[in-house]
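# Structure at a glance
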Amino acid sequence: MLKNLKKEMKFLGNCPLCKGEYDPESVALLEQDGVLSLYHATCTSCNSMVILVVMKNLMNFVTTIGMITDLNKDEFPTFFAKDAVNYDEVLAVHQALKSINQ
């Protein structure tokens, strides 16, 4: 796994906030499924945390998508396993907030 991480570090990019480089010690592989790899990275310069998805296709093209998060790597599996929010739940929250503002 460490060998694979060293190989993929070039695809993780830099911290979106301070542009610092990620230290391999601050990057954790959370999930891997075929062409998708899910990483959690903590910037050693500014301590921001990012979830990164690395996708490789059959032509060896690589796409990386990152999202700033406040979840540390140990908290992520708990939230990742939860069901997605559905339309009815969004509508219920919207109606509740609307009734507060009236």
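In what follows, the structure referred to is the one given above.
In this report, we go over the structure that sits alongside the text. These numbers come from a predicted model, not from an experiment.

Attention now moves to unusual backbone geometry. Look at Lys19: it is not a glycine, yet its phi comes out positive at around 70°. Counting through the fold element by element, Lys19 comes out in the loop between α1 (2-12) and β1 (27-33). Although it is not a glycine, Asn47 sits at a positive phi angle of roughly 65°. Tracing the sequence through the fold places Asn47 in the loop between β2 (36-42) and β3 (49-56).

The strand order across the open sheet built from 4 strands is β1-β2-β3-β4, with neighbouring strands paired in antiparallel fashion. In this open sheet, the two edge strands, each paired with only one partner strand, are β1 and β4 (62-69). Between one strand axis and the next, the sheet turns through 20° on average, direction left out of account. Sheet analysis places β2 next to β3, joined by 7 bridges and oriented antiparallel.

Counting 10 residues, the largest nonpolar core consists of Leu12, Cys15, Tyr22, Val27, Tyr39, Ala41, Cys43, Val50, Leu52 and Val54. Counting residues per element, the ones that place at least two in this core are β2 and β3. It is β3 that contributes the most residues to this core, 3 residues altogether. Discounting chain neighbours no more than four positions away, the residues touching Leu12 are Tyr22, Val27, Tyr39, Leu52, Val54 and Thr64.

Right, let's get into the environment of Leu30. In this structure, Leu30 sits in strand β1. Sequence separation between Leu30 and Leu52 is 22 residues, and the spatial gap between their C-alpha atoms is 9.7 Å. If we ignore the near neighbours within four places in the chain, the residues touching Leu30 are Leu38, Tyr39, His40, Ile51, Lys73 and Phe76.

Moving on, we get to a nonpolar patch on the surface. A surface patch of nonpolar side chains, amounting to about 310 Å² of accessible area, comprises Val93, Leu97 and Ile100. Tracing the sequence through the fold places Val93 in helix α3 (residues 87-100).

This part covers the pairing of β4. Each regular strand displays side chains that alternate between the two surfaces of the sheet. Pairing between β3 and β4: 8 bridges, direction antiparallel. Counterpart to Met49 in the pairing with β4 is Thr69. What sits between β3 and β4 in their antiparallel hairpin is a turn of 5 residues, with Asn60 showing a positive phi close to 65°.

Quick notes on the rules
Residues numbered from 1 in each chain as written. Predicted model: local features only at pLDDT ≥ 70, side-chain atom pairs only at ≥ 80, totals over all residues. Heavy atoms only, no water. Helix = DSSP H or I, 4+ residues; strand = E, 2+ residues; numbered from the N terminus. Pairing = 2+ DSSP bridges. Axes fitted to C-alpha atoms, helices over the stretch in contact; angles between N-to-C directions. Core = buried A, V, L, I, M, F, W, Y, C linked by side-chain atoms within 4.5 Å. Buried < 20%, exposed > 50% of the residue type's maximum accessible area, 1.4 Å probe, protein only. Contact = heavy atoms within 4.5 Å. Patch = residues over 30% accessible without salt bridge, like charges linked within 9 Å, V, L, I, M, F, W, Y side chains within 5 Å. Areas by Shrake-Rupley, 256 points an atom, 1.4 Å probe, with all protein chains shown as cover. Salt bridge = Lys/Arg side-chain N within 4 Å of Asp/Glu carboxyl O.

These values are about where atoms sit, not about what they do.
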